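# Breakdown of the fold
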Amino acid sequence: MAEDLIIPQGSRSQQYEALFPQIQGLVAGENDLTANLANIAAAIKEVFGFFWVGFYLVKDEQLVLGPFQGPVACTRIPFHKGVCGHAYTKAETIIVPDVEEFPGHIACASASKSEIVLPVKNQAGRVTMVLDVDSDLLNDFSEVDQIGLEKILGLINEAWQ
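Small disclaimer: the values here were computed from a predicted structure and weren't measured. (Residues numbered from 1 in each chain as written. Predicted model: local features only at pLDDT ≥ 70, side-chain atom pairs only at ≥ 80, totals over all residues. Heavy atoms only, no water.)

### What about the overall build of the protein?
Keep this limit in mind: Numbering of helices and strands runs from the N terminus; a helix is a DSSP stretch of H or I covering at least four residues, while a strand is a stretch of E covering at least two. The quantity called the radius of gyration is restricted to C-alpha atoms. Its globule counterpart is 2.2 Å times the number of residues to the power 0.38. Buried means the residue's accessible area, taken with a 1.4 Å probe over protein chains only, is under 20% of the maximum for its type, while exposed means over 50%, and partly exposed covers the values in between. Residue-level accessible areas treat just the shown protein chains as cover; the underlying method is Shrake-Rupley with a 1.4 Å probe. In this tally, Lys and Arg are treated as positive and Asp and Glu as negative; His is ignored, and so are the chain termini. Throughout, a charge is located at the NZ atom of Lys, the CZ atom of Arg, the CG atom of Asp or the CD atom of Glu.
The helix and strand tally for the protein stands at four helices and six strands. When the elements of the protein are put in sequence order from the N terminus, they spell out α-α-β-β-β-α-β-β-β-α. Computed over its C-alpha atoms, the radius of gyration of the protein comes to 15 Å, within 12% of the 15 Å expected for a compact globule of 161 residues. Out of the 161 residues in the protein, the part that is buried amounts to 44%. Summed over all atoms, the accessible surface of the protein reaches about 8000 Å², with 49% contributed by carbon and sulfur. Distance between charge centroids for the protein: 7 Å, based on 10 positive and 21 negative side chains.

### Concerning the pattern of salt bridges
Pairs may arise between side chains of opposite charge once their charged atoms sit close together. Put simply, the rule reads: When a carboxyl oxygen of Asp or Glu is within 4 Å of a side-chain nitrogen of Lys or Arg, the pair counts as a salt bridge.
All chains considered together, the criterion is met by two salt bridges. The closest approach of N and O atoms between arginine 12 and aspartate 140, which form a salt bridge, is 3.0 Å. Of this pair, arginine 12 sits in helix H1 (residues 12-27) while aspartate 140 sits in the loop between strand S6 (127-135) and helix H4 (143-160), placing them 128 residues apart in sequence. The shortest N-O distance in the salt bridge between arginine 12 and aspartate 145 comes to 3.0 Å. Remark: aspartate 145 occurs in helix H4 and arginine 12 occurs in helix H1; sequence separation between them is 133 residues. If you follow the salt bridges from partner to partner, you end up with Arg12, Asp140 and Asp145 in one network.

### A word on the sheet that holds strand S4 (residues 94-96)
The cut-off we apply is this: Strand pairing requires that DSSP identify at least two bridges connecting the strands. Throughout, a residue-residue contact means that at least one pair of heavy atoms, one from each residue, lies within 4.5 Å. As a rule, the C-alpha atoms of each element are fitted with a line to give its axis, helices using only the stretch in contact, and angles between N-to-C directions run from 0 to 180 degrees.
With antiparallel pairing, the six strands of this open sheet are ordered in space as S3-S2-S1-S6-S5-S4. The outermost strands of the open sheet, each flanked by one partner alone, are strand S3 (76-77) and S4. Direction of pairing for S4 relative to strand S5 (residues 114-121): antiparallel, over a ladder of three bridges. Paired with valine 96 across the bridge in S5 is glutamate 115. Each of strand S1 (52-59), strand S2 (62-69), S3, S4, S5 and S6 is contacted by helix H3 (residues 82-90), which is oriented at about 35 degrees to S5, the strand it contacts most.

### Observations regarding the pairing of S2
For S1 and S2, the ladder comprises six bridges, and the chain directions are antiparallel. Counterpart to lysine 59 in the pairing with S2 is glutamine 62. Bridge count between S2 and S3: two bridges; the pairing is antiparallel. Looking at S3, one finds that valine 64 is bridged to arginine 76. In this antiparallel pair of consecutive strands, S2 and S3, the connection spans six residues, and glycine 70 shows a positive phi of 135 degrees.

### Quick word on the side chain of glutamate 115
By the element assignment, glutamate 115 lies in strand S5. Buried charge without a partner: glutamate 115 forms no salt bridge, and the closest opposite charge is lysine 113, 12 Å away. Ignoring sequence-local partners within four residues, the contact set of glutamate 115 consists of Val83, Cys84, Ile94, Ile95, Val96, Val99, His105, Asp132, Val133, Asp134 and Phe141.

### So, H1
Rules: Here the expected span of a helix is defined as 1.5 Å times the quantity of residues minus one.
Taking 1.5 Å of rise per residue, 16 residues should cover 22 Å, and H1 covers 22 Å from first to last C-alpha, within 8% of that figure. The set of residues buried in H1 consists of Gln15, Tyr16, Leu19, Phe20, Gln22, Ile23, Leu26 and Val27. The first or second residue beyond H1 is glycine 29, which carries a positive phi of 80 degrees.

### Examining the pairing of S6
Here is the key point about a regular strand: its side chains alternate between the two faces of the sheet. In terms of burial, S6 is largely enclosed, as eight of its nine residues are buried. Sheet analysis places S1 next to S6, joined by six bridges and oriented antiparallel. Directly across from tyrosine 56, in S6, lies its bridge partner valine 130. Pairing between S5 and S6: eight bridges, direction antiparallel. Bridging across to S6, lysine 121 finds its partner in valine 127. Hairpin connection from S5 to S6: five residues lie between these consecutive antiparallel strands, with glycine 125 at a positive phi of about 90 degrees.

Keep in mind these numbers describe shape, not what the thing actually does.
As structure tokens, this is what we get:
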């Protein structure tokens, strides 16, 4: 297990490339999902300085707050509400350049300006959780983030689904 996170420099794409093997090292040999989700969220937040990074897990027919880094958050999100609910329902990554323009956005924190939410699917293709990343900057997420974060989430699919 890696104990220190090296903050990579360069373009965002290069940062994701350098972060991926570090996250692999963080989760290698650890079989507890909660511990690994916590370290994944912490590593992403530390490297990129995003406002909020965390997981919502499917429980009791809704999304329930899991491991995260950032200010306190909404505890439960119905499947049909907000960006997280939309990503769950559509089972696809949602990038929102300006959360104020997203119909039904749930404002857990007024400092959040843009957002990316990625579903995590099990072997049967069912969404079991979502990764929610918020920025306090407008239009802070792109396809580069989608590709980098989906690669990281692939580690969850390989080991814990």
